[in-house]
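Structural overview
Letter by letter, the chains look like this.
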Amino acid sequence: MLRLVWCWSASKNSRVEPARRVTAAVLGADRLQQNPGGNTRCFRHISHPPSYKSPLHHPQPACHLSPTVFMSMASGGEGPSSTPPQHTNRLAKERSPYLLQHAHNPVDWYPWGQDAFDKAKNEDKPIFLSVGYSTCHWCHVMERESFEDEELGRILSDNFVCIKVDREERPDVDKVYMNFVQATSGGGGWPMSVWLTPDLRPFIGGTYFPPRDHGRRPGLKTVLTRIMEQWQNNRPALESSGDRILEALKKGTTVAASPGESPPLATGVADRCFQQLAHSYEEEYGGFRDAPKFPTPVNLMFLMSYWSVNRSTSEGVEALQMALHTLRMMALGGIHDHVAQGFHRYSTDSSWHVPHFEKMLYDQAQLAVAYITASQVSGEQRFAEVAEDILRYVSRDLSDKSGGFYSAEDADSLPASGGREKREGAFCVWTASEVRELLPDVVEGTAGTSTQADIFMHHYGVKEQGNVAPEQDPHGELQGQNVLIVRYSVELTAARFGVSVEKVNELLASARTKMAEVRTSRPRPHLDTKMLASWNGLMLSAYARVGAVLGDKALLERAVQAGAFLQEHLWDGERQTILRSCYRGEQMEVQQISPPISGFLDDYTFIICGLLDLYEATLQTEWLQWAEELQLRQDTLFWDDQGGGYFCSDPSDSTVLLRLKEDQDGAEPSANSVSASNLLRLSHFTGRQDWLQRSQQLLAAFSDRLTKVPIALPEMVRSLMAQHYTIKQIVICGQRDAPDTTSLLAAVNSVFLPHKVLMLVDSEESFLCQRLPALSSMSQLGGVATAYVCQDFTCSLPVTDPQELRRLLLDVTAETKTE
């Protein structure tokens, strides 16, 4: 017990039953009855027909397997090889770390593209599509067990056109076929395995397959043999079932507004979203399920926004308590890396103790924003420290010298003790003897002869036999190991050893520094050095917002560097197109593939949001100008003129069979949710009423989802609330770097204002004044920096005192509910 101070089920759909029956015939009925979702259960919701949508649970992009499945398979990963590879396929020419991991398989892999499609048509062969990502544990397992197998490689290469896709490079491809897999099997996950006709229509799909039959579960060899037989003898049935399920998916994934439809009433939607979150909330340790437990920053940001307009109600107080308690518990838990900073992907237990050790860039970005917001709301310094802690990790371990950010660190690595088999968490965990050897010094003034190790082990729950329960370690990889988790407050630890709180803080900090040094000598996990536009946009927001709240110039300079990176390496000015990704070369240079992958909706949306945050943090109008330019381009590429809202990918791409609008805020917020907010903010920065109307049209398109299951779209609910409660325009008149201007900005940034835009008017300002002529009438009082707070075309009296401005902002926020 910690001492701290501080399913989803799918109903049947008759439209997909033919495909289910064909799947059963090929994969075996026993398999479908025993485990409808395949061996891998993925906690990420992908849009699918309405009857498959979960009302209260949003899965996340990480694969979770039942303990029985875990215990039946070996750990993924392999040791380094000194011998040259026996095989090299065309993936060796790619830049994606995931594709390169398969470059020496005895499989004739193709990347997604016309060469593969032409080969399938010319040879009239089915396509085997395999989708994953470089830090996916079970992708490693299937690669080692099946794709390195000579016999399976021969069967695949001789009878199929084999295509390997990095889901992070091509989320459009992943979403289409994940929809199919979920609709036909009731579950999904990565690695994803799908068989397609030469015209890319899916007819069989699943997730992980063991190489050979395992009990009543067919192995990949058996599945391939059955598909080959069916392709030869029963091809019309395969193709027709695939066509039927595709048509059903097209109908079931449609998101559109009826002509003249308005967005739903914000207050009712927000109240329902809060109630649904409260129903799924786990009170002891926070979070929104028992286990596995995910960070879900979108939920936490909604709860703090809900509190901001419901401060005087019991529901508002409860919402704030849920968010802050969850953030505290996560910071204390093993999901938080106490030695090298940052957060792991998710916790396998309900107490945030034993994580899946993968670290993703998008988690760091969103959690940094959530923690800095919690510091504004609560005034607790600890939340700000955690936000800084996250960015310290990203700056050190996920940053490229060009200014970009890498995608992820793997969960698996080689143990420091040696061996060729990678183990999950090997880089992060500790034995009691390691801690004692590293921290042997006796601490003066303690009761008895306690050492630094004694104090550290007590505080972080380190046990001689290890602190990971067997049920959390089905592979036995963590036996005798300890995952650090704060078991006692600093005050209780100090009392236990009879020393001051200051002394304990000093000892713990010293111990963490020593342990961090030891970790640098351990074999590091694989680093995915792919740099994605969308995730870099999220990280840009994090540095800008944390830097603004803390007034930290170094963080703001890093944010500016990130913005410049996006402009230099992921923006094709000639084609006016965002590029999806770029890569670190062997000489640490930034590389691009040819032709580069054009950006998707989330690339534009997250970058625009980051640029708006960067403008508000630096008040440099070039970032606001680029945001306006990108929004115009996003509208041209992705907007649905008929139904409203944005398609996830370019609807003119004929190789992507479904025109999807993602309707789930999961591990990342959906691009439509963020777009609704971007459009609203930009309308206030530029005076463009068409963007305000477009934001409303977007929200209307998602009315059904927002009304029935708002918990699926908490970020979009925040955008709906911003429409209802009216954006506040805070205008500062003053010189950008002058001390009096800086003081007013610090007052603004000290308060959590979810529905505001911040602008600076100085002697050189022209961009904003051209778009908002009313700004020209605002000026400094007596030559001193002056603030105006405007709403609904009405402005407050000018304010020059920072404390008076802060009081005004707090009073205006408190009055919002009454208004």
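Residues numbered from 1 in each chain as written. Predicted model: local features only at pLDDT ≥ 70, side-chain atom pairs only at ≥ 80, totals over all residues. Heavy atoms only, no water.

If you check an unreviewed UniProt entry, the protein appears there as Spermatosis associated 20 from Seriola dumerili.

**Considerations on helix 6 (residues 137-147)**
To be explicit about the condition: Throughout, exposure labels follow a simple rule: accessible area from a 1.4 Å probe, protein chains only, divided by the maximum for the residue type, with under 20% read as buried, over 50% as exposed, and the rest as partly exposed. A run of H or I in DSSP counts as a helix once it spans at least four residues, and a run of E counts as a strand once it spans at least two, with each numbered from the N terminus.
Buried residues dominate helix 6, accounting for 10 of its 11 residues. Of all the residues in helix 6, the buried ones are H137, W138, C139, H140, V141, M142, E143, E145, S146 and F147.

**Observations concerning the sheet that holds strand 10 (residues 359-360)**
Within a sheet, adjacent strands bond to each other through the backbone by hydrogen bonds, running parallel or antiparallel. Operational definition: By definition, two strands form a pair when at least two bridges between them are found by DSSP.
The 3 strands are arranged 10-11-14 in an open sheet whose pairing can be described as antiparallel. In this open sheet, the two strands that pair with only one neighbour each are strand 10 and strand 14 (527-528). Sheet analysis places strand 11 (residues 408-409) next to strand 14, joined by 2 bridges and oriented antiparallel. Bridged to A408 within strand 14 is D528.

**Quick notes on the packing of helix 11 (residues 266-280) against helix 12 (residues 297-308)**
Just so we agree on the cut-off: What counts as an axis is a line fitted to C-alpha atoms, over the stretch in contact for a helix, and the angles between N-to-C directions run from 0 to 180 degrees. For classification purposes, angles smaller than 35 degrees are called roughly parallel, those larger than 145 roughly antiparallel, those between 65 and 115 roughly perpendicular, and all remaining angles oblique. Handedness of a crossing is defined here by the sense of rotation of the near helix relative to the far one, left-handed for an anticlockwise turn of less than a right angle and right-handed for a clockwise turn. We call two residues in contact when some of their heavy atoms are within 4.5 Å.
Axis separation between helix 11 and helix 12 bottoms out at 11 Å; the angle between their running directions is 125 degrees. When the axis of helix 11 is compared with that of helix 12, the two are oblique. Viewed along their axes, helix 11 and helix 12 form a crossing whose handedness is left-handed. Residues A270, D271, C273, F274 and L277 of helix 11 form the contact with helix 12, whose own contacting residues are N299, F302, L303 and Y306.

**Some thoughts on unusual backbone geometry**
Residue A291 is joined to P292 through a cis peptide bond whose omega torsion reads -10 degrees. By secondary structure assignment, the location of P292 is in the loop between helix 11 and helix 12. Across the junction of S594 and P595, the peptide omega takes the value -5 degrees, indicating a cis bond. Checked against the element boundaries, P595 lands in the loop between strand 19 (590-591) and helix 22 (601-618). Even without glycine at this site, W352 takes up a positive phi of about 60 degrees.

**Things to note about the side chain of D412**
Selection criterion: Just so you know, the count uses Lys and Arg for positive and Asp and Glu for negative, and it drops His and the chain ends. A carboxyl oxygen of Asp or Glu within 4 Å of a side-chain nitrogen of Lys or Arg is what we treat as a salt bridge. Throughout this description, a polar contact denotes any pair of N or O atoms lying within 3.5 Å of each other; where both atoms belong to protein, one of them has to be capable of donating a hydrogen while the other can accept it, and for residues adjacent in sequence the pair is counted only when both atoms sit in side chains.
Examined against the element boundaries, D412 turns out to sit in strand 12 (residues 412-413). Despite its burial, D412 pairs with no opposite charge, the nearest such side chain being K422 at 7.1 Å. Within polar-contact distance, the side chain of D412 engages the side chain of H137 at 2.9 Å.

**Focus on the layout of surface pockets**
With a probe scaled to a water molecule rolled over the atoms, the places where space remains empty come into view. Applied cut-off: A cavity here means a set of 1 Å grid points, computed over protein atoms only, where a 1.4 Å probe fits but cannot escape. A pocket is an open set with protein on both sides within 12 Å along at least 5 of 7 lines, and lining residues have an atom within 4 Å of a point. Grid points are joined across faces, edges and corners, and a volume is the space filled by probe spheres set on the points. Note on residue classes: Ala, Val, Leu, Ile, Met, Phe, Trp, Tyr, Cys and Pro are nonpolar, Asp, Glu, Lys and Arg are charged, and everything else, Gly too, is polar.
Quantified by volume, the second largest pocket comes out at close to 940 Å³. Taken together, 36 residues form the lining of the second largest pocket, with W112, G113, R170, P595 and I597 sitting closest to its centre. Put simply, the parts of the chain that give the lining of the second largest pocket at least two residues each are strand 3 (109-111), helix 5 (114-123), strand 5 (161-166) and helix 23 (621-638). The greatest single-element share of the lining of the second largest pocket, amounting to 4 residues, is contributed by helix 5. A per-class count over the lining of the second largest pocket returns 14 nonpolar, 8 polar and 14 charged.

**Re the sheet that holds strand 18 (residues 581-584)**
With respect to topology, 3 strands assemble into an open sheet ordered 15-18-19, the strand pairing being antiparallel. Only two strands of the sheet have a single partner each, and these edge strands are strand 15 (531-532) and strand 19. Note that strand 15 and strand 18 share 2 bridges and pair antiparallel. Among the inter-strand pairings, M531 is bridged to a residue of strand 18, identified as C582.

**Describing empty space enclosed by the protein**
Considered as a void within the structure, the largest cavity measures approximately 770 Å³ in volume. In terms of lining, the largest cavity is formed by 40 residues, of which the most central are V369, R545, D613, R681 and R718. The biggest single contributor to the lining of the largest cavity is helix 14 (residues 361-378), with 7 residues. Its residues assigned to classes, the lining of the largest cavity shows 25 nonpolar, 8 polar and 7 charged.

**Overview of the nonpolar core**
This is how the line gets drawn: Residue types Ala, Val, Leu, Ile, Met, Phe, Trp, Tyr and Cys, when buried and joined through side-chain atoms within 4.5 Å, form a set referred to as a nonpolar core. Residue ranges for the domains trace back to a domain assignment, done automatically or taken from a database.
Within the largest apolar cluster, 180 residues are counted, with the highest numbers of intra-cluster contacts made by F302, Y371 and L805. When we break this core down by domain, the ones giving at least three residues each are domain 2 (428-521) and domain 3 (728-810). The residues contacting L805, other than those within four sequence positions of it, are I732, L744, A747, V748, A787, V789 and V799.

**Comments concerning the state of the cysteines**
The following threshold applies: The criterion for a disulfide is a pair of cysteine sulfur atoms lying within 2.5 Å.
The tally for this structure, following the rule as stated, stands at 2 disulfides. One disulfide in the model links C790 with C795; its S-S distance is 2.0 Å. In this structure, the disulfide formed by C790 and C795 twists by about 100 degrees around the S-S bond and is classed as right-handed. The connectivity of the disulfide-linked cysteines in the protein, indexed sequentially, is 1-2, 3-4.

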